[in-house]
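# Residue-level structure breakdown
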Amino acid sequence: AVGVFNGTGDGSNFSPDGTLTREQAAKIITYMLVGQEQADKLTATVAPYSDGAASRWSAGAIAYCTNEGILAGTGNGKFNPTGELTGLEFAKMLLGALGYDPTIEQLTGGAWAMNSSKLARGDAEMDNGMSISLSKTLTREEAAQMEFNPMQATLVEYEDSGSKIELPGGIVIVSD
């Protein structure tokens, strides 16, 4: 109803129990951020990852999300477009779409999962009204609900990312 999901294949079937793929997630987020009409016009002249051709149906969305810092691939220049996505991985993408800075919020490195889960279940309320495990593979129906829940949220804006100093004992000082 909000124009984010089109269905699978020819667009005639939503496939609620189907598994969400990484490229489907990129397309959903692109629809969410720029709207369906503009998202469908996005193309990629050069594939941002070695395992997805620039002519692939999802290439424009993947390139857009990569450029916006929402996606970073799976490592070694790969994206794995048809790979299954966990709720936690989708939550991290949605947090990026909402404006959360991955560096400031520590959504990269060893603590990415814990910090993504904390924000997704807390401020962003992505799992509101749902009883899912974010560590499991996400269905398309669960993804639709996770994406819909924070649509009412205000986009995150940082006044100044400043600099961060980490001291012994876990003390973190952020300065302008």
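The shown structure was predicted, so the numbers you read here are calculated from the model rather than taken from an experiment. (Residues numbered from 1 in each chain as written. Predicted model: local features only at pLDDT ≥ 70, side-chain atom pairs only at ≥ 80, totals over all residues. Heavy atoms only, no water.)

Let us look at the nonpolar core. Among the nonpolar cores identified, the biggest contains 35 residues, and Leu20, Ile29, Leu71, Phe90, Met93, Met126 and Met146 are the most heavily contacted of them. For this core, the elements supplying multiple residues, two or more each, are helix 1 (22-34), helix 3 (59-67), helix 4 (87-97), helix 5 (112-121) and helix 6 (140-148). A per-element tally of this core places helix 4 first, with seven residues. Those residues within four positions of Ile29 in sequence are excluded, and the remaining contacts are Cys65, Ile70, Phe90, Met93, Leu94 and Ala97. (Core = buried A, V, L, I, M, F, W, Y, C linked by side-chain atoms within 4.5 Å. Buried < 20%, exposed > 50% of the residue type's maximum accessible area, 1.4 Å probe, protein only. Helix = DSSP H or I, 4+ residues; strand = E, 2+ residues; numbered from the N terminus. Contact = heavy atoms within 4.5 Å.)

By secondary structure assignment, the location of Pro102 is in the loop between helix 4 and helix 5. Its relative accessible area of 26% is what places Pro102 among the partly exposed residues. On a C-alpha basis, the gap between Pro102 and Gly69 in space is 8.4 Å, while along the polypeptide they are 33 residues apart.

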